[in-house]
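# Remarks on the overall topology
Chain residues, written in single-letter form:
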Amino acid sequence: MILLSALSLASSTFAQTWIWYPGDYEIWLGNQMNNRRTERGAFFPPFWKTDSHYVVVEFSKQLNLSEPEEIFIAAEGKYNVKLDGKLQFGMPETMLLPAGKHNLNIKVWNQATPPTIYVKGKTVNSDSSWRVTYEDKEWIDESGKASDTSATIYMDAGCWNFDGATQRPSQFSLMHEPQQPVTKSEQPEGGILYDFGKETFGFITLKNLSGKGKIEIYYGESPEEAKDKAYCETLDKLLLEPGQVTDLAIRSTSPLSNSENEYTLENSKAFRYVYVTHEPGVQIGEVSMQYEYLPEEYRGNFRCNDEELNRIWEVGAYTMHLTTREFFIDGIKRDRWVWSGDAIQSYLMNYYLFFDNESVKRTIWLLRGKDPVTSHSNTIMDYTFYWFLSVYDYYMYSGDRHFVNQLYPRMQTMMDYVLGRTNKNGMVEGMTGDWVFVDWADGYLDKKGELSFEQILFCRSLETMALCAELVGDANGKQKYEKLAAALKAKLEPAFWNNQKQAFVHNCVNGQQSDAVTRYANMFSVFFQYLNEDKQQAIKQSVLLNDSILKITTPYMRFYELEALCALGEQDAVMKEMKAYWGGMLKEGATSFWEKYNPEETGTQHLAMYGRPYGKSLCHAWGASPIYLLGKYYLGVKPVKEGYKEFAIAPVLGGLKWMEGTVPTPNGNIHVYMNSKTMKVKATEGKGYLTIKSRRPPKANIGTPEKVSVGVWRLWIDSPEERIVTYHL
């Protein structure tokens with residue numbers, strides 16, 4: 001396997017790179033990752049439709065050369081080359097192109113991995129400007145004349161950062177780094193328990209192996225899990241024989257390597273603790289690991305006077321890094337799959353931490369898959385809607401319109417699937433094969449009928465389709481989706497708003513409102529601004545700050561609950577909640593944030609989920625939401641126009657004495673410092689307003705703040721010089 005260095009994982013800086021059919025490599029790589037899940041040693045593939053790459057792809061480029069040029073060609077697969085429609089002999093590695101205008105076509109077949117090519121010349125180089133198709137529809141009539149290709153659909157080639165001829169995409173692997181356990185302790189019942197100090201991910205290495213017999217390895221995010229042979233979620237069993245080891249789960253035999261008689265397992269696992277036992281005839285000298293990770297630059301940061309909050313940010317960032325792999329995954333122990341509901345939160349946190357656009361795009365491609373659409377994303381209705389929303393979010397943060405153009409046809413067919421499953425009211429409700437998820441709740445959530453939460457997400461998805469249609473120049477699509485969105489939005493309040501409860505009810509069944517009020521639809525309606533100001537404030541009191549409403553115990557929906565409160569100006573209350581909730585996990589010894597946390601549970605109750613004693617993931621992407629909340633609602637930075645061409649900065653201390661941090665932008669960053677008297681802001685790209693709440697007129701070193709309303713001022717920023725503002729709380 002080729003290990004790409006951190007340098008090569010940076011943006012492409014060379015003229016040539018390996019290219020493929022867009023979405024194909026992403027789907028293939030995702031299949032490799034999604035199918036690594038095991039459950040107590042058994043292979044556990046995803047339960048949704050698995051797509052694959054196109055096995056024949058044609059790559060084409062129109063050339064206009066001022067002089068003859070020699071090119072180098074490499075491909076993954078069997079290939080032919082045509083110049084101006086004429087087939088060249090064999091599979092040429094080099095080729096001399098004559099001066100003038102030409103059509104160059106390379107067709108590749110590869111059943112095992114995606115067809116890819118790499119072309120390098122003085123001016124002719126493979127990159128995203130090449131056009132690709134999976135069917136060139138070329139045929140020859142009885143006269144020998146070739147058909148034209150007017151019916152062929154071409155797209156721009158896909159690529160990442162495989163910029164060297166030997167960096168074949170199919171050989172990609174994450175980085176590895178050796179790590180040692182911090183302690184090891186012999187157990188009374190036999191075996192040794194190794195503690196690696198914190199949640200981690202990688203491959204166990206055994207050194208100085210000798211003898212003959214079985215070795216058993218039990219993994220745990222807690223010592224209780226690692227020691228529980230009967231119920232730990234993951235384990236490995238090996239057979240040691242002279243000179244070789246057989247992994248009994250995958251029936252793979254490997255020779256011991258080097259003079260240290262060393263063996264590293266082929267399957268990666270998540271753990272903090274590892275419990276190793278073996279038969280009497282086996283000797284193990286040392287146990288260590290190969291930590292596996294995607295190199296990421298921490299472009300965002302946050303610090304403040306509250307050390308507990310600093311620790312929350314740090315653990316959140318580490319949680320995000322562990323779950324940022326080839327794709328943004330849910331958790332590293334159990335599923336290790338790409339779920340759309342988890343992914344959209346990872347994208348948002350990523351924009352305030354790594355700003356890794358390539359991982360976002362790979363994950364969006366993988367989650368969409370290919371036509372025909374046969375189910376919702378991950379089979380979950382709400383997850384389909386999150387997928388739509390994630391595309392426009394990506395555009396706003398990155399400014400990458402080209403990606404929307406490439407993806408739009410698959411957005412259309414996905415929405416066609418949704419529209420084909422609406423009821424007579426134009427609303428969605430669970431049908432056969434649909435998983436209506438919403439959340440893991442410690443109480444009854446009715447999934448029958450029309451859920452207000454699902455309609456709000458559906459409406460937002462239609463609005464997103466209209467925005468994306470406008471971006472790609474689809475005027476008819478824009479009109480269609482705007483009309484559908486407006487019609488659905490007009491039905492939301494009549495169908496679900498209950499004046500007596502001053503809230504959206506949870507669902508309607510057979511046209512009748514239910515009596516239940518839950519937080520989900522209400523909080524989404526707030527930050528989507530689907531209700532007027534009076535009703536938003538009513539929801540704050542009747543739902544969001546009402547302890548009698550079913551409480552949320554997953555970080556997944558706490559993300560949105562706290563975002564809604566921040567949108568209503570409740571940063572002080574949210575700060576207390578963050579410290580209580582995420583600080584509560586830290587007090588329980590968390591080194592990464594969990595899939596679910598109920599403060600009322602104690603001891604090993606915190607480890608259980610899904611009816612299994614260790615079913616809960618103790619490193620889950622959606623647990624890292626303070627990264628997003630602190631960046632967007634405390635540092636107060638967000639894009640107003642795509643790619644931060646225009647930004648908004650509205651810092652709020654939320655009870656802190658001081659804070660400072662950096663929010664990454666596509667080609668720069670925005671740094672914010674704030675205490676009770678001073679704000680300092682420096683933006684290296686874009687322009688926008690800094691909003692200041694002050695009792696008296698604030699003063700700035702550059703420019704003059706203008707009054708917006710009582711106690712609210714704004715300062716225009718349009719250059720990279722630091723703005724220093726004094727104000728009065």
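As annotated in an unreviewed UniProt entry, the chain carries the name Bacterial alpha-L-rhamnosidase and comes from Bacteroides ovatus.

## Things to note about the overall build of the chain
Across its full length, the chain carries 14 helices and 43 strands. Over its C-alpha atoms the chain spans a radius of gyration of 28 Å, differing by no more than 12% from the 27 Å that the globule rule assigns to 729 residues. Taken along its principal axes, the extent of the C-alpha atoms in the chain is 75 × 75 × 60 Å. Going through the 729 residues of the chain one by one, you find that 57% of them count as buried. Considering only contacts in the chain between residues 6 or more positions apart, those separated by 24 or more positions represent 71%. Of the roughly 29800 Å² that the chain leaves accessible, carbon and sulfur atoms contribute 50%. Side chains of the chain carry 78 positive and 90 negative charges; the gap between the two charge centres is 4 Å.

## Observations concerning the domain arrangement of the chain
Here the chain is partitioned into domain 1 (19-171), domain 2 (175-293), domain 3 (297-368 + 551-634), domain 4 (376-531) and domain 5 (641-726). Computed over C-alpha atoms only, the centres of domain 1 and domain 5 are separated by 47 Å.

## Considering the UniProt feature "domain: Alpha-L-rhamnosidase six-hairpin glycosidase" (unreviewed entry) in the chain
Within this structure's numbering, the places UniProt gives as "domain: Alpha-L-rhamnosidase six-hairpin glycosidase" (unreviewed entry) are residues 300-632. The span residues 300-632 is 54% helical and 5% strand by assignment, and the distance between its end C-alpha atoms comes to 12 Å.

## A closer look at the packing of helix α10 (residues 519-527) against helix α11 (residues 533-544)
At a closest axis distance of 10 Å, the pairing of α10 and α11 adopts a crossing angle of 150°. The orientation of α10 relative to α11 falls into the category roughly antiparallel. In this structure, α10 meets α11 at a crossing whose hand is left-handed. Residue-level inspection shows Arg519, Asn522, Met523, Ser525 and Val526 of α10 in contact with α11, the latter providing Gln536, Ile539, Val543 and Leu544.

## Comments concerning the sheet that holds strand β13 (residues 155-156)
Strand-to-strand pairing in sheets goes through backbone hydrogen bonds, with the strands running parallel or antiparallel. The six strands are arranged β8-β7-β10-β5-β12-β13 in an open sheet whose pairing can be described as antiparallel. Strands at the two margins of the open sheet, each flanked by one partner only, are β8 (86-87) and β13. Where strand β12 (residues 131-133) lies against β13, two bridges are found, and the strand directions are antiparallel. Within the sheet, the bridge partner assigned to Arg131 lies in β13 and is Asp156.

## Some details on the pattern of salt bridges
Here the structure, examined in full by the defined rule, presents 45 salt bridges. A salt bridge links Arg325 to Glu292; the shortest N-O distance between them is 3.2 Å. Residue Arg325 is found in the loop between α3 (307-323) and α4 (340-351), and its partner Glu292 is found in strand β27 (residues 286-293); the two are separated by 33 residues along the sequence. For Arg325, a relative accessible area of 3% corresponds to the buried category. The salt bridge partner of Lys361 is Glu358, with a shortest N-O separation of 3.3 Å. Placement of both Lys361 and Glu358 in helix α5 (residues 357-368) is noted, with a separation of three residues, approximately one turn of the helix. In this structure Lys361 comes out as buried when scored by relative accessible area, which is 18%. A single salt-bridge network, built from bridges that share partners, covers Arg37, Glu39, Arg334, Asp335 and Glu595.

## With respect to the packing of aromatic side chains
Summed over all chains, the structure comprises 65 aromatic pairs. Centre to centre, the rings of Tyr352 and Tyr397 are 5.9 Å apart; their planes meet at 75°, and the pair counts as edge-to-face. Of the two residues, Tyr352 is situated in the loop between α4 and α5 and Tyr397 in helix α6 (residues 381-398); the sequence distance between them amounts to 45 residues. Grouping residues by exposure puts Tyr352 and Tyr397 together as buried.

## Concerning the side chain of Ser398
Within the secondary structure, Ser398 sits in helix α6. A polar contact is formed between the side chain of Ser398 and the backbone nitrogen of Asp400, at a distance of 3.1 Å. Excluding anything up to four places from it in sequence, Ser398 contacts Phe355, Asn357, Gly643 and Pro666.

## Quick look at the environment of Lys227
Relative to the helices and strands, Lys227 resides in helix α2 (residues 223-227). For Lys227, a relative accessible area of 26% corresponds to the partly exposed category. Sequence-wise, Lys227 and Val663 are 436 residues apart; in three dimensions their C-alpha atoms are separated by 42 Å. Apart from the residues lying within four places of it in its own chain, the contact partners of Lys227 are Gln187, Glu189, Leu193 and Tyr275. A distance of 2.8 Å separates polar atoms of two side chains, one belonging to Lys227 and the other to Glu189.

## As for the nonpolar core
Membership of the largest hydrophobic core comes to 193 residues, with the highest contact counts inside it found for Ile204, Ile217, Tyr386, Phe388, Phe524, Met557 and Tyr560. With 13 residues, α6 is the single largest residue contributor to this core. Of all hydrophobic cores here, the second largest spans 24 residues; its members include Phe59, Leu63, Ala75 and Met155.

## Regarding the side chain of Asn350
Within the fold, Asn350 resides in helix α4. We classify Asn350 as buried; its relative accessible area is 0%.

## Things to note about the pairing of strand β6 (residues 69-76)
Across the eight residues of β6, six count as buried, placing the element largely inside the fold. Both β6 and strand β9 (residues 94-97) contribute to a ladder of four bridges, which runs antiparallel. Of the residues in β9, the one forming a bridge with Phe72 is Thr94. Pairing of β6 with strand β11 (residues 116-120) involves five bridges; the strand directions are antiparallel. Looking at β11, one finds that Ala75 is bridged to Ile117.

## So, unusual backbone geometry
For residues other than glycine, phi is negative in most cases, and the peptide bonds are mostly trans. Cis peptide bonds are those with omega within 30 degrees of zero, and the linkage from Asp371 to Pro372 qualifies with 0°. Take Pro372: it is sitting in the loop between α5 and α6. Despite not being glycine, Asn261 shows a phi value in the positive range, around 45°. Looking at the secondary structure, you find Asn261 in the loop between β23 (252-255) and β24 (263-264). Given the relative accessible area of 32%, Asn261 is considered partly exposed. Phi is positive for Gln529, close to 55°, though the residue is something other than glycine. Tracing the backbone shows Gln529 in the loop between α10 and α11.

## Some details on empty space enclosed by the protein
Under the defined criterion, the tally for this structure stands at four cavities of 30 Å³ or more. Every residue lining the largest cavity is counted, 24 residues in all, and those nearest its centre are Trp48, Lys49, Leu366, Leu367 and Arg368. Residue composition of the lining of the largest cavity, by class: nine nonpolar, 11 polar and four charged. There is about 50 Å³ of room inside the second largest cavity. Lining of the second largest cavity is provided by Met33, Arg36, Phe201, Ser268, Glu292, Arg325, Ile329 and Arg336. Of the residues in the lining of the second largest cavity, the class split is three nonpolar, one polar and four charged. Here the lining of the second largest cavity gathers at least three residues from each of two domains, domain 2 (175-293) and domain 3 (297-368 + 551-634).

Rules of the game
Residues numbered from 1 in each chain as written. Predicted model: local features only at pLDDT ≥ 70, side-chain atom pairs only at ≥ 80, totals over all residues. Heavy atoms only, no water. Helix = DSSP H or I, 4+ residues; strand = E, 2+ residues; numbered from the N terminus. Rg over C-alpha atoms; globule rule 2.2 N^0.38 Å. Buried < 20%, exposed > 50% of the residue type's maximum accessible area, 1.4 Å probe, protein only. Contact = heavy atoms within 4.5 Å. Areas by Shrake-Rupley, 256 points an atom, 1.4 Å probe, with all protein chains shown as cover. Lys, Arg positive; Asp, Glu negative; His and termini not counted. Charge placed at Lys NZ, Arg CZ, Asp CG, Glu CD. Domains from an automatic or database assignment. UniProt positions renumbered as here; feature names shortened; annotations may be inferred. Axes fitted to C-alpha atoms, helices over the stretch in contact; angles between N-to-C directions. Parallel < 35°, antiparallel > 145°, perpendicular 65-115°, else oblique. Left-handed = near helix turned anticlockwise from the far one by under 90°. Pairing = 2+ DSSP bridges. Salt bridge = Lys/Arg side-chain N within 4 Å of Asp/Glu carboxyl O. Phe/Tyr/Trp six-rings, centres within 6.5 Å; stacked < 30°, edge-to-face > 60°. Polar contact = N/O pair within 3.5 Å; in protein donor to acceptor, adjacent residues only side chain to side chain. Core = buried A, V, L, I, M, F, W, Y, C linked by side-chain atoms within 4.5 Å. 1 Å grid on protein atoms, 1.4 Å probe; cavity = no way out; pocket = protein on both sides within 12 Å on 5 of 7 lines; lining within 4 Å. Points joined across faces, edges and corners; volume = space filled by probe spheres on them. Nonpolar A, V, L, I, M, F, W, Y, C, P; charged D, E, K, R; others polar.

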